[in-house]
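Coordinate inspection notes
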Amino acid sequence: MRWIRTLSGRVEETADILGGKAVGLVLLHRLGLRVPAGFVVTTEACRALLRTGRLPDGLDAELATAVAYLELSTGRAFGGPHRPLAVSVRSGAGVSMPGMMSTILNLGLTTEATAGLADETGDRPFALDSRRRFLSSFGSAVTNDVADMDMDDGAGGGQPIPDDATRQLERAVRAVFSSWDTPRAQTYRVLNDIPHDHGTAAIVQTMVFGNRDEHSGSGVAFSRDPNTGENVPFGEVLFERQGEDVVSGRSTTLPLRELAEREPSVWSELLDALIRIEGHYRDACYVEFTYQSGELWILQVRPGRFVGAAAVRVATELVDARVIDRRAALLRVSPRQLRHVRTPRIASPQEADVFARGLGACPGVAVGRVATTSDTAVRMARHSPVVLVRPETSPNDMRGLAAAAGIVTARGGPASHAAVIARAMGKPAVVGVAGLTVGIGDGDGSVTAGCRTVGDGTLVTIDGTSGEVVLGTPRVVTDAAGDQLHRLLAWADDISGDHSEREESQRLDAAHTALRLPGRPG
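An account of the accompanying structure is given in this report.

We now examine the overall build of the protein. When you go through the protein residue by residue, the secondary structure sums to 18 helices and 27 strands. With respect to the principal axes defined by its C-alpha atoms, the protein has extents near 70 × 65 × 50 Å. Within the span of the protein, comprising 522 residues, buried residues form 53% of the whole. For the protein, contacts bridging at least 24 residues in sequence account for 63% of all contacts bridging at least 6. A total accessible area of about 22,200 Å² is found for the protein, and carbon and sulfur atoms account for 48% of it. With 56 positive and 63 negative side-chain charges, the protein shows a separation of 4 Å between the mean positions of the two kinds.

Have a look at this one:
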């Protein structure tokens, strides 16, 4: 059995073998977009590890061959002192599990390779920063305990980080595979009905350095606004930073549109890529990108997976543009999603006791008691709704995120971990609340904004559209159904042949049933 596939437009296997992320990279190759060279270690290798506790026989030889091909195609040497090759190692399950598994960046930057990178670029601080990022991500993935890591000698949690690129890669692949079985990943699978035996792939790609110089950076982009469905690019960017800084939520990001002014050629190329990818999916799309010294690289792509009013708007507008037909539009929206079509909002923020303001990351209103740790959120949620308030969230907060009615973070933007998970769960969220300080405690934590401080258990209301965090329970109103929803439901009635008065979800469900009948056209 072969455990590795080179990433190219010729690969034919499905997400069950390659993982969803690698399938997206294959698509990017076929569309002729710029993608870092790489290969994927399949989910079959992960399942072998999960069964036996060790990497499968023959994988080490395949890794050596795949790396040699990368060296040949890039003209670089893995771990070498001259033109060193560094790679990323990322997880990629068949079903998206955002942020739940491990990622290692800049792997291959041994002591010797780091010196070589400094000589090549003439930028020793850049090389040392890249090495630091490698040690941090490797230590976190392999030991799950960055705090114990000694940056000077490369130790992680008491285990030395090998100063040999080949050994680093083997351990990184094992760490990514093992992260499939972490408690946070298991919790996510339970919440989303994902089977536990599928495993993840590991994707190895040549590094693109968003922290290389003033004409480098990283970001994420939706082809349309995921909150409203409006046909305008939406996302965020950081200049002179790597992608992990954008998606972790630890940094305050900038709106995507700022890329247009700073790097117009990169912006133009990104817009073209979004148009081409959306044309393939016939749906809104999401990409992660890095640009190095003015050259754009696409690192990940998937359909947008919008919900609620945004999903309805995109579906109806694609019908108007003759991209999809009405049958396809109806199947794009589930009856369950109709719960989120009419967006609740705080009626009059001017009349409410506004405690703090941030960026709305997922529309809707949540009312609950403040909980500053995930453990506190789980405990308090047994008795009443809670709002999880954190400096930023990480995969380790999965239980608290699942228990909370709403989410607030002091840092991060619309593509941060908290925002992505909130949208996936359909929970109102406010992120990037400037000046918000969270004092962590086990039931006695506190949250400070300006000159006011509230403690765990304080009743708050959050508006995931406007970004307000309000004390108490202000008046809430719900927007009326828009024209797009009326049109979609009219199409549903035409398909089902039933124009009687019913619940909206029943109307859509009847159309779905009719469309799936054997022999039904479309």
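Turning to helix H2 (residues 20-30), a few remarks are in order. All of the buried residues in H2 are Lys21, Ala22, Gly24, Leu25, Val26, Leu27 and Leu28. Where H2 is buried, its residues meet helix H1 (15-18), strand E2 (38-41), strand E5 (87-93), strand E9 (200-206), helix H11 (264-281) and strand E14 (295-303). Gly32, located one to two residues past H2, shows a positive phi value of around 80 degrees.

All right, on to the sheet that holds E14 then. Judged by pairing direction, the sheet is antiparallel, and its five strands sit side by side in the order E12-E11-E10-E13-E14 without closing on themselves. Each edge of the open sheet carries a strand with a single partner, namely strand E12 (254-255) and E14. Direction of pairing for strand E10 (residues 217-222) relative to strand E13 (residues 285-292): antiparallel, over a ladder of six bridges. Looking at the pairing, Val220 lines up with Glu288 of E13.

Glancing now at the sheet that holds strand E23 (residues 446-449). Spatially, E22-E23-E24 is the arrangement adopted by the three strands of the open sheet, whose pairing is antiparallel. For this open sheet the edge positions go to strand E22 (437-439) and strand E24 (452-455), each flanked by a neighbour on one side alone. On average, each strand axis in the sheet is tilted by 20 degrees relative to the strand beside it, whichever way the strands run. Judged from the four bridges that link them, E23 and E24 form a sheet pairing that is antiparallel. Looking across to E24, one finds that Ala449 is bridged to Arg452.

So, on to the environment of Leu238. Inspection of the secondary structure puts Leu238 in strand E11 (residues 234-239). Judged by its relative accessible area of 6%, Leu238 is buried. Spatially, the C-alpha atom of Leu238 lies 8.7 Å from that of Gly210, the residues being 28 residues apart in sequence. With residues near it in sequence (within four places) discarded, Leu238 still touches Gly217, Ser218, Asp245, Val246, Ser251, Thr252 and Thr253.

Here the focus is the packing of aromatic side chains. Enumeration over the complete set of coordinates arrives at five aromatic pairs. Ring centres of Phe126 and Phe209 lie 5.2 Å apart, and the angle between their planes is 90 degrees; this geometry places the pair in the edge-to-face category. You can see Phe126 sitting in helix H6 (residues 124-143) and its partner Phe209 sitting in the loop between E9 and E10, a full 83 residues away along the chain. When sorted by exposure, Phe126 lands in the same class as Phe209, which is buried. Centre to centre, the rings of Phe134 and Phe138 are 5.4 Å apart; their planes meet at 55 degrees, and the pair counts as tilted. Linking Phe134 with Phe138, this pair stays in helix H6, spanning four residues, or about one helical turn. The two residues Phe134 and Phe138 agree in class, both being buried. Cluster of aromatic residues (ring-pair linked, three or more members): Phe222, Phe234, Tyr286 and Phe306. Geometry around Phe126 places Arg212 over its ring, the cationic atom sitting 5.1 Å from the centre. We note Arg262 situated over the ring of Phe239; from NZ or CZ to the ring centre the distance is 4.2 Å.

As a further point, take the pattern of salt bridges. Between side chains of opposite charge, a pair can form when the charged atoms approach closely. Inspection of every chain in the model, using the stated rule, returns 30 salt bridges. The partner of Arg224 in a salt bridge is Glu278, and the shortest N-O contact between them spans 2.8 Å. Note that Arg224 is positioned in the loop between E10 and E11 and Glu278 in helix H11, a separation of 54 residues in sequence. Each member of the pair Arg224 and Glu278 is classed as buried. Beyond isolated ion pairs, a larger network of salt bridges with shared partners links Asp129, Arg132, Arg133, Arg241 and Asp245.

How each quantity is defined
Residues numbered from 1 in each chain as written. Predicted model: local features only at pLDDT ≥ 70, side-chain atom pairs only at ≥ 80, totals over all residues. Heavy atoms only, no water. Helix = DSSP H or I, 4+ residues; strand = E, 2+ residues; numbered from the N terminus. Buried < 20%, exposed > 50% of the residue type's maximum accessible area, 1.4 Å probe, protein only. Contact = heavy atoms within 4.5 Å. Areas by Shrake-Rupley, 256 points an atom, 1.4 Å probe, with all protein chains shown as cover. Lys, Arg positive; Asp, Glu negative; His and termini not counted. Charge placed at Lys NZ, Arg CZ, Asp CG, Glu CD. Pairing = 2+ DSSP bridges. Axes fitted to C-alpha atoms, helices over the stretch in contact; angles between N-to-C directions. Phe/Tyr/Trp six-rings, centres within 6.5 Å; stacked < 30°, edge-to-face > 60°. Lys NZ or Arg CZ within 6 Å of the ring centre and 35° of its normal. Salt bridge = Lys/Arg side-chain N within 4 Å of Asp/Glu carboxyl O.

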